[in-house]
Amino acid sequence: MTEESGPQELSFQPKFFTNASNKKTIANKDVYTQLKKLSKELNGLEQETANTHSLDAVTRQLISPSLLRHKESGVVAYVSCCIADILRLYAPEAPYNDGEIKQIFNVFIDQLHLLSKTEDQFFPLREYLLTSLATVRTPALVAMLPDAEDIISRFFTVLIGVVNPSLPHSLHMQILDILQQLLEEPKSVPQDVIDVILLQFTKKRQQDNPAAHQLASDLANGTSDVLQKYIYQYFNDVIVSAAQQRAGQMQEQQADGDGQAQRRISGSSSSLDDLRSAHYLILELNKSAPGTLLNVIPQLEEELSVEDVDIRILATGVLGEMFAEKGFTLAKRYESTWKAWKGRRADTLPLVRIQWVEHAVSLYQHQPQLSRELNDYVVEKLCDVDDKVRQAACRSLGLLDVTQVVQAAIGENVVDMLGERCKDRKAAVRSEAIIALANIYSQIYEELEQGNAAAHRKWGSIPSKIFMLRYINDPDIDSKVESILTGAILNFAKIKDDRSRCQRLLVVFNSLTAKARSGFYSYMRRQRDIIGLTDAFLDLCEKQDQGTAVDTEGATVDQQLRVLTVKISACFPERAKVENALAQLAALHDSEVYRGLRATMDAENDIKAVRKHQKSALKKLSTLAPNLLDATAPLWKCVGLTTTNRALVPFLIEHASSSANAMGAKSGSHGQLSGAAGVLVGYITDVFPEMLQFSSAELFDVDELRTGTVVATEERLALMVKFAKAIPRSIPHDPELESQLALFVRSGTSVRQAKYSAFLVTQIGGAEGLCAVLTGDMVDNLDNTHIERRAPSYAALSRFAQYAPAAFAIYSERVSTYLVQSVLMGGQGEIVGDDVMDTDDWVARDALGDAALAKIYAVKILANWLVGIDRQTLTRESVQTVLGALRQLVRNGGEIRQDGSTSALNRQHLLLTAATCMLKLASLVHFDKVLNVSDVLSLSMVVQHPCYEVRSAMLLKKLVPALVARRIHVRFIPALFLVAHDPEAAMRDNVKHAVELHLSQIRPTPGSPSVVEDSFCRMLFTLAHHPDWDDSQMVDTLELFTRYIEFYINCVCAAQNVSLLFCYAGEIKAYKNRLSTDPMNRDALNDVFTKRLYVLSELAQYLLREKSISSNWPVNVYPGKLSLPADIFEPLSGEDKENAPRSQLFLDAEFIQRRARAPAASRANAAAAKRSRSRSNAAANAKRSKNGPAIASNAAGGQTIKSESKSKSKSKSKSKARGKRAAADSDSDDDENEDDVNMDNSEDDVAEDVEMSSVAETSDEE
């Protein structure tokens, strides 16, 4: 019907009932027929043109209970669709009253509930009903009902319930439309509706019905302006109710006298569960519908400052996650909330600070633009006073996915402080920090390998930070670093070929600082030492299996096993656990496990073989004793040779030798990697020389020597020398190699080429004839050698003198006479061609002129001859010739004749060389006996030389390693304590470290005093003969020398030995001085020195008593019998005893009074200042250094002593010498203040291990 034809009327008037009462319906079949026809015609009517009067009869029939509650679901479905059309045609008014509308919508809801049955035959009818309701906006009728809450709640419950992933998207949108109408039309939203909506955001509902969650999210976003106040009210009610409940519980328990109520309530009450659920919903709403939380976020801000701990923790965590939400910068929209949240980093409770830092670190990942505000705060939490906060900060950083954006966000100060936390005093913090650094490095390694400069600046120091931890010398740290090295740092398990493994090892090693490389080297040494102990342990286990009860030395196998298990377990954390596990391992008596462990640490196996044997042995161990797997895991990781392995050696040698980028390094820094490869091969040669046996052909390749540059040739020769020293007589017999080495000896212009080649020639089996020929050539040309060839010739000759003594012996007298008279005493030192510089600044040996080098190697020739020659063939004259020259050089500060003909720079080098040679001779028993007390005193004074390089080389590279390795007599120990006035704190720290860690553990016999304790009297003797002693200014002298004794006390003294040291000091008064430096006036000088000894005796006792009082140590009578060294002390005779020096007082009373009045810091400053003044007269006669005050000389022997300045190098001396004077000397050794946060062992506080310092020794001493 068209518009022109008039209104549309319903032509079909159905009769659904048998009578006018409308109670009994006609047959079901007829009902279906009429409903279908009616539904079709109603559907065709248009709202604008329909004559609603024609619908009146049908309208009343359709709401009959007989139809609305018909037992046939299809009938009800048709009736619902017809009523929906009636409502459409009558819109906007409804032809029903409120009660009838409620009844109708309840039927509608029942039908919509069946929408989930998509396969039902009447599903299209229900779909039509849903579409009609959504399109016509029929639910608006519900909003006008007076009590519509129940119907609205039913709508939400049913419609959200029927939504599922299989429901068509169109229906999903229609349901969303209906629900939005039901929220927007009413004046208020029932609480049940809010509950239903929020229920969809719980974790369980999200998992069970993600479609319903999505519907709720879409609904919340579409009606956020409506829901805001209701959601705020919901959370307010929950949070306030829970908070009030918790407050009441706390008050009740506090009334009972329980001060820990809050702690006990936490985590157990239902109120806390409600709080957690509410805050979780806030998080989910923030993810899906953040617009609904407009009023909730300020509420969370208030929670940050409440007294309830758990609420603060929840609020801090929830806001942290909300700030981290991607795509929504909450921090910018709610600046006050952001500011309040940042303030929680300083919360008084560690748990809150932990929550804060964990979420703050996650912002690097999710909101990197906020990093500028966070970096300083994260550093602050890395230094937090609570170790759990520091641990959480480190752990959070380790969990980051370090993309390029994150790399840019994290500040360098965060990386530096994370490195400091690796040295934290708490093991858990150290572990997390080490793991974090390693994980970060593993993620950014590729960028470092590709040469990314920005990445290298920020992250390239990570391996150095880790390997510097070796200086702490803590088994827990060492074990963790070893695990991290094989894991995240090198990651060899994920690299399939050895060439790539070598590349990664080189990139890591090349990034290390010099000190970190020493740490890496020390870890290699530690691994070797533990392998040695483990190998001995396995030997005993095998002996035990064979039934051997007692070994050749009489000790039982069980006793030796116990000793070894103790030694091995001391290298690892959880010492008792490892010790017990090793005992159980020994009791297994399983040869397969033992063989697997031995193969794991066999230097002849490649990485693949090591892992195969290790895997097999651990599999067997897991069947025999699975409980031992975890306990012995640190040992298996430590001894497994997977980091340094023979399979890598050929590639390291190739890389060290190649002049082009043969390995395809991506970094573009092949030259640097080549140098690193050379150093690594040197390390391997020192520690695991067996690994090079399989690559000796590559190492001794003659073509590399012929075609390489001078520097490359020197480096290759240096590696050969190390290998030859590690494995004697291992150089392959190759005529071409011998010829090339001989060529270097005869005509090489490089000192290193000549001396290395000479040494290698001496190590070739059957090359004695060649040694004799070359030695003869060198000797015959001693005075004919061109100026530019003198130093290389002398360097080569110094090697022949030591390693081919038979060939050199023929010319020994001729050579020694010539070198002493013509080179060292003659005019060849300062002739044209020598680079004489009018400066006291230190210059490296390689930068010296040829003539100066010739003098140095002349000294070495003399000393090396004595070292190499058979003691049976030595003559008194030859020994006196060499020793006489060395003594004069040491006592005269680098000259045999003190005539000033040698430049100051050359004197420094000659002095250091002569002192080093005398120590080398002192390591041989027959020469140690020849060195007298004056020699020891002269050598001791070298550690106080004004040149920093001289005294540091003498002390750290020569004296300390020799004493620790027990190569020289303990009479050299007192020289260590002469560094008490050294302006460099590192020098003092090194000595203290060596004394405490090594020398104090050395005892001649169990239970006897240590060698350091036994050297106390020797130190006082050395001080009595010190050239700074001035009897005319006794008080100043005592203040000056107090520093030496105090330094000794700080290094050695403890409650256990203070009585022993006190007794040692007192025992000196029963002796007198045995040595006089002037034989013409022996008795008078002995009396002077004896009186000085008595003064020092009383001074030492005074200082020991002072220390014991401040430390609350008892000083008891020492029960043992003591005797002083007979070489320097002579017991008092009967006549001397009658004078009773024990009953006399020698310590100046004015000194005691002045010390009692002055505080400790003032005393240190005064001593330093007086020491400076005490040298002023002699300094007037000494040459003034450009970089510091004048240095005084010993008037008697010309020995220079320590000044308050140094000349470390031209670049360093000018900046470091200024201001070093007395003020630097006043630094107290007791000043070790650390606050509760900075519990690290700084690299400056811990000296290098002496094993490391030996790495730094130049090859000149080879």
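Residues numbered from 1 in each chain as written. Predicted model: local features only at pLDDT ≥ 70, side-chain atom pairs only at ≥ 80, totals over all residues. Heavy atoms only, no water.

**With respect to the overall build of the protein**
Within the protein one finds 65 helices and two strands. Counting every position in the protein, which comprises 1262 residues, the buried fraction comes to 56%. The long-range fraction of contacts in the protein, counting pairs at least 24 apart against all pairs at least 6 apart in sequence, stands at 74%. When the accessible surface of the protein is summed, it comes to about 53100 Å², and 49% of that surface belongs to carbon and sulfur atoms. (Helix = DSSP H or I, 4+ residues; strand = E, 2+ residues; numbered from the N terminus. Buried < 20%, exposed > 50% of the residue type's maximum accessible area, 1.4 Å probe, protein only. Contact = heavy atoms within 4.5 Å. Areas by Shrake-Rupley, 256 points an atom, 1.4 Å probe, with all protein chains shown as cover.)

**Here we look at the pattern of salt bridges**
Evaluation of the coordinates by the stated rule reveals 54 salt bridges. A salt bridge links Arg137 to Glu185, with the shortest nitrogen-to-oxygen separation between them at 3.1 Å. Of this pair, Arg137 sits in the loop between α6 (123–136) and α7 (140–143) while Glu185 is found in the loop between α9 (169–184) and α10 (191–199), placing the two residues 48 residues apart along the sequence. Given a relative accessible area of 35%, Arg137 falls into the partly exposed group. We classify Glu185 as partly exposed; its relative accessible area is 35%. As a salt-bridge pair, Glu284 and Lys287 come within 3.4 Å of each other at their nearest N and O atoms. You can see Glu284 and its partner Lys287 sitting in helix α15 (residues 270–288), three residues apart, about one turn around the helix. (Salt bridge = Lys/Arg side-chain N within 4 Å of Asp/Glu carboxyl O.)

**Overview of the packing of aromatic side chains**
As enumerated under the stated definition, the model contains 28 aromatic pairs in all. Relative to Phe122, the ring of Tyr32 lies with its centre 6.4 Å away and its plane at 0 degrees, an arrangement referred to as stacked. In this pair, Tyr32 sits in helix α1 (residues 28–44) while Phe122 sits in the loop between α5 (98–113) and α6, placing the two residues 90 residues apart along the sequence. No difference in accessibility class separates Tyr32 from Phe122, as the two residues are buried. Among the aromatic residues, ring-to-ring pairing joins Phe467, Phe509, Phe520, Tyr521, Tyr523 and Tyr683 into one connected group. (Phe/Tyr/Trp six-rings, centres within 6.5 Å; stacked < 30°, edge-to-face > 60°.)

**Concerning the packing of helix α25 (residues 427–449) against helix α28 (residues 475–489)**
Where α25 contacts α28, the axes come no closer than 10 Å and their chain directions differ by 20 degrees. The angle between α25 and α28 falls in the class roughly parallel. With respect to the hand of their crossing, α25 and α28 are arranged in right-handed fashion. For the pair α25 and α28, contact is made by Ala427, Arg430, Ser431, Ile434, Ile435, Ala438, Asn439, Tyr441 and Ser442 and by Asp476, Ile477, Lys480, Val481, Ile484, Ala488 and Ile489, respectively. Here the residues of the contact of α25 with α28 are counted per class, giving 10 nonpolar, three polar and three charged. (Axes fitted to C-alpha atoms, helices over the stretch in contact; angles between N-to-C directions. Parallel < 35°, antiparallel > 145°, perpendicular 65-115°, else oblique. Left-handed = near helix turned anticlockwise from the far one by under 90°. Nonpolar A, V, L, I, M, F, W, Y, C, P; charged D, E, K, R; others polar.)

**Digging into the packing of helix α44 (residues 790–803) against helix α47 (residues 850–868)**
Viewed as axis vectors pointing N to C, α44 and α47 meet at an angle of 5 degrees, and their least axial separation amounts to 8 Å. When the axis of α44 is compared with that of α47, the two are roughly parallel. Residues Arg790, Ala791, Pro792, Tyr794, Ala795, Leu797, Ser798, Arg799, Ala801 and Gln802 of α44 form the contact with α47, whose participating residues are Asp850, Ala851, Leu853, Ala854, Tyr857, Ala858, Lys860, Ile861, Asn864, Trp865, Val867 and Gly868.

**Details of the side chain of Glu41**
Within the element layout of this structure, Glu41 appears in helix α1. The side chain of Glu41 sits in the buried core without any salt bridge; Lys37 is the nearest counter-charge, 6.6 Å away. (Lys, Arg positive; Asp, Glu negative; His and termini not counted.)

**Examining the confidence of the model for the protein**
This prediction gives the protein a mean pLDDT of 83; 85% of its residues lie at or above 70. Of all helices and strands in the protein, the one with the weakest mean pLDDT is helix α64 (residues 1222–1225) (30), whereas helix α22 (residues 387–398) scores best (96). Every residue in residues 659–668 scores below 50 in pLDDT, and together they form 21 contacts with partners more than four places removed in sequence or on other chains. Of the regions scoring below 50 in pLDDT, residues 1173–1262 engages in 225 contacts with residues more than four places distant in sequence or in other chains. (pLDDT = per-residue confidence, 0-100.)

**Examining the environment of Ala801**
By secondary structure assignment, the location of Ala801 is in helix α44. The exposure class of Ala801 is buried, given its relative accessible area of 0%. Among residues more than four places away in sequence, those in contact with Ala801 are Phe808, Ile861, Asn864, Trp865 and Gly868.

**Quick word on the environment of Lys426**
Among the structural elements, Lys426 can be located in the loop between α24 (412–421) and α25. The sequence separation of Lys426 and Asp387 amounts to 39 residues, and the corresponding C-alpha distance is 6.9 Å. Apart from the residues within four sequence positions on either side, Lys426 is in contact with Asp387 and Arg390.

**Quick word on helix α56 (residues 1034–1052)**
The terminal C-alpha atoms of α56, which comprises 19 residues, lie 26 Å apart, in line with the 27 Å expected from a rise of 1.5 Å per residue. Of all bends in α56, the biggest is about 25 degrees, found at Phe1041. Burial of α56 is extensive: 17 of the 19 residues sit out of reach of the surface. (Expected span 1.5 Å × (residues − 1). Bend = angle between axes of the 7 residues up to and from the residue.)

**Regarding the nonpolar core**
Ranked by internal contacts, the top residues of the largest apolar core, which has 402 residues, are Leu62, Phe156, Phe235 and Phe977. The element contributing the most residues to this core is helix α4 (residues 73–90), with 13 residues. In contact with Leu62, other than residues within four places in its own chain, are Phe16, Leu35, Leu38, Leu67, Leu68, Val79, Cys82, Ile83 and Ile86. (Core = buried A, V, L, I, M, F, W, Y, C linked by side-chain atoms within 4.5 Å.)

**Examining unusual backbone geometry**
A cis geometry characterises the amide bond from Ala91 onward to Pro92, with omega recorded as 10 degrees. Within the element layout of this structure, Pro92 appears in the loop between α4 and α5. For Asn491, which is not glycine, the phi dihedral falls at a positive 55 degrees. Tracing the backbone shows Asn491 in the loop between α28 and α29 (498–510). A relative accessible area of 17% means that Asn491 is categorised as buried.

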